[in-house]
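Now for the letters of each chain:
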Amino acid sequence: MTVLTAYQREKLAYQYSIALEQGDMDRLARILSVAQGDAALENMLLEINAVLETELSPMEMPTLSNTNKEPEMPVFAKVKRKRGSRQLSITALVASVATILLGFLMIAVSNHQAFQSSVLVNSYNQSSLSLISDYFSVWEAGAFNRLSAILTPDHIYHEPDSLDLDGINPLKTHLEKFNNLFSQVDIMMINAKPFADEWVVDFQLEAHIDNQMLVEDASATFKFSDGKIAYTALSINLDDFAHRLQAIVEASQSADRIPQTKTSTSQGMELVNAFFAAWNNNAPLTMDSILSDSHTYIEADALTSFKNARLKERINKLNEVLVNVKFEILQSISDEKSVWVQFRLTSEFAPSIRRMGLPQTGTVIFEIKDGLINRTELSINLDRYINRFSNSEMLLATPTVEPTIPAPLPEIPTVEPIHFSN
Amino acid sequence: MDENMYQEVDNHRQLKAYITQETQALRNTISLYVLKSGLASGQSLASVADDILNEMVIEALNHAYRFDPSRPPKAWLLGIAANLIRRKQAKQIAQNQREPLIRDLYPQSQALMSDDDLFDQLSHVSHSDPESQLESDETIHHLLSLVSPADREVLQLAIVEGIEGESLARKLGISAGAARVRLHRAINRLRIARQAQDEEGDRS
């Protein structure tokens, strides 16, 4: 990277001032991209900013104190919990999940409609966002005794494919059991926006167990009553999340136990690579050569499995909704009979390409038989992935027509139409 | 998990920590950008700036893998904000059927002389060799006569005496940033004055 001379810096700083005065954001962005590679120039620009900011009137400078509207700014959970590494057996995990499910069955179904009408409208104030932030902090830190200060006594908690939890104690038990499955749980709030009488928050859930981790994106809807959170709906099912992470752990453990065979590993991986390539390239017909006639395809929580013809139909259908689908293999383990793959799926939502989807990680177990894939088992449900995708589209509504990230720094820091004469 | 994903997670955390710590500073600068861009002013400024801040964070975290963690993130983040504002400017124009931007309100004549021309010319004048010194002195004298005494003072120091940066700030008794802003504004006013004079000369 070329080092800027003092003259070049002064000139760029001058151009920055002019661009700012003229509201020329295009030029401003290009100069900032040069400043990324030159700390001295960056300091100059920041000094200029500081001077110009002081010239703004107090009314023009937005602070928490002078904005009437609740700031729609990202808020991050403050606490990073680092509990000691806790080894948890598979049996214990399964037992815990079973207990949670049993708990759900014992809880009466709440009347959601009746609840909605009781929620106060227009409860947008700073305390709403603080309550949400506190809620995530409590969850992350496992300090569930504080829930009663945040939630109304008749709080309703909703997760997909589960019965709603009515009241604080069932939720406390639920979250406590979830947290206890992992050595560490981190929650990061990405974005918070008000809609009608509720707040919708995008967050990232990260959990660790046995040196394995799973990060997934999700959203939560909050409603308020009497200055507390009265309703919480998550877009993901926490039991499913726990299962997905456990699948990663199990695969990792089984890989430790089974000696790997070089030949079969190579052959299995070739098949797996071909499988993902066919999907990424929207060419399901090419799968004929890698799938056995009795091949079965299964997704998490799907009602039915798919034979080859229906699998191809499904891929075609999915690729109509999602474009630029990309399955990326993060890691893989294989033995003579199977290949375990952890993948990351990224795509864009076709109906109105507004933004890249947040990546979804998952696992696939491929069963190999007679040199062909005989069974494919996905740890995620792609319909749910699409639903989450479309929900986040609707909620974020952030039009992104073209990349907004400044281009990588060029070798020579040129900012058109500058022609350095020195 | 491969190396790249670890890096992305690290970048994500680094950006998150920085944004959390510097939220107010980022918000102030974005407010400045929004105001200068003509996108919003008055009571709507805070709201629009918050929207931009919010979108900037989403973009930054979604593209954390493109962030170079060896460098401070502020310029990178502000670059994203500037691009978002630029996009909103374009959208606003489309919606309002070509409502002029602030930059469009500047005299069209400025297009004839780029922002850089005068900067280069002044730099050349102040660093000219002894043989062309006489000519340079005349040029400078003429140029400085076009601006106000306050602008003349800062231009005299920067161009004639060659005092820059911290030294200029000390001489003026203000911060380096304030000195630069003052100098840049003086150069810009000089440019406009000179351009106006040239146009008048052409007409007569």
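Residues numbered from 1 in each chain as written. Chains lettered and ligands numbered in written order. Predicted model: local features only at pLDDT ≥ 70, side-chain atom pairs only at ≥ 80, totals over all residues. Heavy atoms only, no water.

Chemist: Explain the overall build of chain B here, please?
Modeler: Helix and strand counts for chain B come out as nine helices and zero strands. Reading the helices (α) and strands (β) of chain B from amino to carboxyl end gives α-α-α-α-α-α-α-α-α. Across the 204 residues that make up chain B, the buried fraction comes to 50%. Summarising the internal contacts of chain B: among those between residues at least 6 apart in sequence, 63% fall at separations of at least 24. (Helix = DSSP H or I, 4+ residues; strand = E, 2+ residues; numbered from the N terminus. Buried < 20%, exposed > 50% of the residue type's maximum accessible area, 1.4 Å probe, protein only. Contact = heavy atoms within 4.5 Å.)

Chemist: Looking at this structure, I do not really get the overall build of chain A. What am I missing?
Modeler: For chain A, the count of helices and strands is 12 helices and 11 strands. In chain A, which comprises 422 residues, the share counted as buried stands at 55%. Approximately 18,100 Å² of chain A is accessible, and the part contributed by carbon and sulfur atoms is 55%. (Areas by Shrake-Rupley, 256 points an atom, 1.4 Å probe, with all protein chains shown as cover.)

Chemist: How should I be thinking about unusual backbone geometry in this particular structure?
Modeler: Leaving glycine aside, a negative phi is the common case for residues, and trans is the common case for peptide bonds. Of note, the phi angle at Asn282 of chain A is positive, near 55°, even though the residue is not glycine. With respect to the helices, strands and loops of the structure, Asn282 of chain A is situated in the loop between α10 (262-280) and β7 (291-298).

Chemist: Honestly, the side chain of Asn374 of chain A in this entry has me stumped. Any pointers?
Modeler: On the secondary structure map, Asn374 of chain A appears in strand β11 (residues 372-378). Contacts of Asn374 of chain A, omitting those with residues within four sequence positions, involve Ser292, Ser294, His295, Thr296, Glu367 and Lys369 of chain A.

Chemist: Explanation requested: the nonpolar core in the structure shown.
Modeler: Soluble globular proteins tend to pack their nonpolar side chains together in the buried interior. Core analysis: the biggest nonpolar cluster contains 55 residues, and Val34 and Met56 of chain B have the highest contact counts within it. Secondary structure elements with two or more residues in this core: α1 (6-22), α2 (25-35), α3 (39-55) and β3 (184-195) of chain A together with α1 (3-37), α2 (43-62), α3 (74-95) and α9 (176-203) of chain B. Beyond its immediate sequence surroundings of up to four residues, Val34 of chain B is in contact with Leu39, Ala40, Leu45, Val48, Ala49, Ile52 and Ile85 of chain B. Counting 46 residues, the second largest nonpolar core, distinct from the first, contains Phe136, Leu151, Leu181 and Leu238 of chain A. (Core = buried A, V, L, I, M, F, W, Y, C linked by side-chain atoms within 4.5 Å.)

Chemist: I tried to follow the confidence of the model for chain B on my own but got confused; where do I start?
Modeler: All names here are of chain B. In this model, chain B carries an average pLDDT of 78, and 76% of its residues clear a pLDDT of 70 or more. When mean pLDDT is compared element by element in chain B, α3 scores highest at 87, while helix α4 (residues 102-105) scores lowest at 49. Counted against residues more than four places away or in other chains, residues 98-102, with its pLDDT under 50, gives 13 contacts. Of the regions scoring below 50 in pLDDT, residues 105-113 engages in 15 contacts with residues more than four places distant in sequence or in other chains. (pLDDT = per-residue confidence, 0-100.)

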